[in-house]
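Coordinates in review
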Amino acid sequence: MMNKLMKSLVFVTTCFLISSCSVVLNDYKTADKPFDIKIYFDRQVIAWGMIQDYSNKVKRRFCVEINGTWKDDKGVLAEKFYFNNGEISYRNWQLTKLADGSYTGTAEDVVGTAIGKHQGFAFQFQYELSLNIDGDITQVTMDDWMYQLDENRVMNKTSMSKFGIKVAEVTLFFDKETINQSCPST
């Protein structure tokens, strides 16, 4: 009984320590060229990614074509996802750049309004997403981090959580240098 209690205490303490050491946006304050998604997503961009479950097992792979268009501080990111199982899905972000440089966004499967902020070479986007999993709709919290590597490439890591517990992670590599390239349709 004491051994089980001790293991539980160690687990809870470890979880607390890990969560208290998380990265914050201000960690990326200095950068020679600040990352702004309005500038980066100003035309067609292609990305490749994967979804890993809580145990880090790759569950899905995909390619996504993104067409970004802007008029003043309003933008649309039209995304078309091609999954390795043949599924194709769409998401259309309606974005607004605010006076302070942050962003708000909505999309068909986003609950409420997404909030995005950038600092240095990093951009953090947080929102609630409705997912259809085997016919059941469930909401997950998305903590989306983009890191600009250079003017053409961006890495993205997104943590998906439910009730504060990480259930999956999405990793993406964006490249806008591969002009006129498209995702395979199957």
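Here, every reference points to the structure presented above.
The residue numbers shown here count from 1 along each chain, following its written sequence. At least 70 in pLDDT is required for a residue's local features to be given in this predicted model, at least 80 for side-chain atom pairs to be given and counted, and no such filter applies to totals for whole chains, interfaces and linings, which use all residues. Heavy atoms from the whole structure form the basis of all side-chain values; hydrogens and water molecules are not counted.

1. What about the overall build of the protein chain?
Here a helix means four or more residues in a row that DSSP labels H or I, a strand means two or more in a row labelled E, and each is numbered from the N terminus. Within the protein chain, the regular secondary structure consists of 2 helices and 10 strands. For the protein chain, the α and β elements follow one another from N to C terminus as α-α-β-β-β-β-β-β-β-β-β-β. Residue contacts are defined here by distance: any two heavy atoms, one from each residue, within 4.5 Å place the two residues in contact. Of the contacts formed within the protein chain by residues at least 6 apart in sequence, a portion of 39% connects residues at least 24 apart. Only the protein chains shown count as cover for residues, and the accessible areas themselves come from Shrake-Rupley with a 1.4 Å probe. In the form shown here, the protein chain has an accessible surface area of approximately 11,500 Å², with 57% of it arising from carbon and sulfur atoms.

2. Focus: the environment of Ile 37
Within the secondary structure, Ile 37 is located in helix 2 (residues 37–40). A residue is classified by how much of its surface remains accessible, and Ile 37, at 3% relative accessible area, is buried. Sequence separation between Ile 37 and His 118 is 81 residues, and the spatial gap between their C-alpha atoms is 8.5 Å. Apart from the residues lying within four places of it in its own chain, the contact partners of Ile 37 are Trp 70, Leu 95, Tyr 103, Phe 123 and Met 146. With a 1.4 Å probe rolled over the protein chains alone, any residue whose accessible area is under 20% of its type maximum counts as buried; one over 50% counts as exposed, and the rest are partly exposed.

3. Re the nonpolar core
Take the buried residues of types Ala, Val, Leu, Ile, Met, Phe, Trp, Tyr and Cys, join any two whose side-chain atoms come within 4.5 Å, and each joined set is a nonpolar core. Of all hydrophobic cores here, the largest spans 32 residues; its most connected members are Ile 37, Phe 41, Phe 62, Trp 93, Tyr 127 and Phe 174. Sequence-distant contacts of Phe 62, defined by excluding residues within four places in its chain, comprise Ala 47, Trp 48, Gly 49, Met 50, Ile 51, Phe 81, Tyr 82, Phe 83, Val 170 and Leu 172.

4. Brief notes about the sheet that holds strand 8 (residues 136–148)
At least two DSSP bridges between two strands are needed for those strands to be called paired. The strand order 1-2-3-4-5-6-7-8-9-10 describes a closed barrel built from 10 strands, whose pairing is antiparallel. For this sheet the average axis-to-axis angle between neighbouring strands, irrespective of direction, equals 25°. Pairing analysis gives 10 bridges linking strand 9 (residues 153–162) to strand 10 (residues 165–175), with the strands arranged antiparallel. Paired with Lys 162 across the two strands is Ile 165, which belongs to strand 10. Lines fitted to C-alpha atoms define the axes, with helix axes restricted to the stretch in contact, and inter-axis angles between N-to-C directions lie between 0 and 180 degrees.

5. Re the pattern of salt bridges
Note on definitions: salt bridges are taken to be side-chain nitrogens of Lys or Arg within 4 Å of carboxyl oxygens of Asp or Glu. All chains considered together, the criterion is met by 12 salt bridges. For Asp 73, the salt bridge identified is with Lys 38, shortest N-O distance 3.0 Å. Note that Asp 73 is positioned in the loop between strand 2 (58–71) and strand 3 (74–83) and Lys 38 in helix 2, a separation of 35 residues in sequence. Note on Lys 38: relative accessible area 24%, which makes it partly exposed. It is possible to trace a salt-bridge network through shared partners that takes in Asp 150, Arg 153, Asp 175 and Glu 177.

6. Here's the deal with the side chain of Ser 102
Turning to its location among the elements, Ser 102 is positioned in the loop between strand 4 (88–97) and strand 5 (103–106). Judged by its relative accessible area of 9%, Ser 102 falls in the buried class. Polar side-chain contacts of Ser 102 include one of 2.6 Å to the side chain of Asp 100. The contact partners of Ser 102, leaving out residues within four places of it in the chain, are Thr 96, Lys 97, Gly 116 and Lys 117. Definition of a polar contact: a pair of N or O atoms within 3.5 Å, with one able to donate and the other able to accept a hydrogen when the atoms are protein atoms, and with sequence-neighbouring residues admitted only if both atoms are side-chain atoms.

7. Looking at unusual backbone geometry
As a rule of thumb, non-glycine residues mostly have phi less than zero, and peptide bonds are mostly trans rather than cis. Even without being glycine, Asn 56 reaches a positive phi, approximately 75°. You can call Asn 56 partly exposed: its relative accessible area is 45%.

8. Quick notes on the packing of aromatic side chains
Side-chain rings of Phe, Tyr and Trp (the six-membered ring for Trp) are treated as a pair once their centres are within 6.5 Å; stacked means planes under 30 degrees apart, edge-to-face means over 60, and tilted covers the remaining angles. On inspection of all chains with the given rule, the structure shows 15 aromatic pairs. On the numbers, 6.5 Å between centres and 25° between planes, the contact of Trp 48 with Phe 173 is stacked. With Trp 48 in strand 1 (residues 44–53) and Phe 173 in strand 10, this residue pair connects regions lying 125 residues apart in the sequence. Of the residues examined, Trp 48 reaches a relative accessible area of 31% and is grouped as partly exposed.

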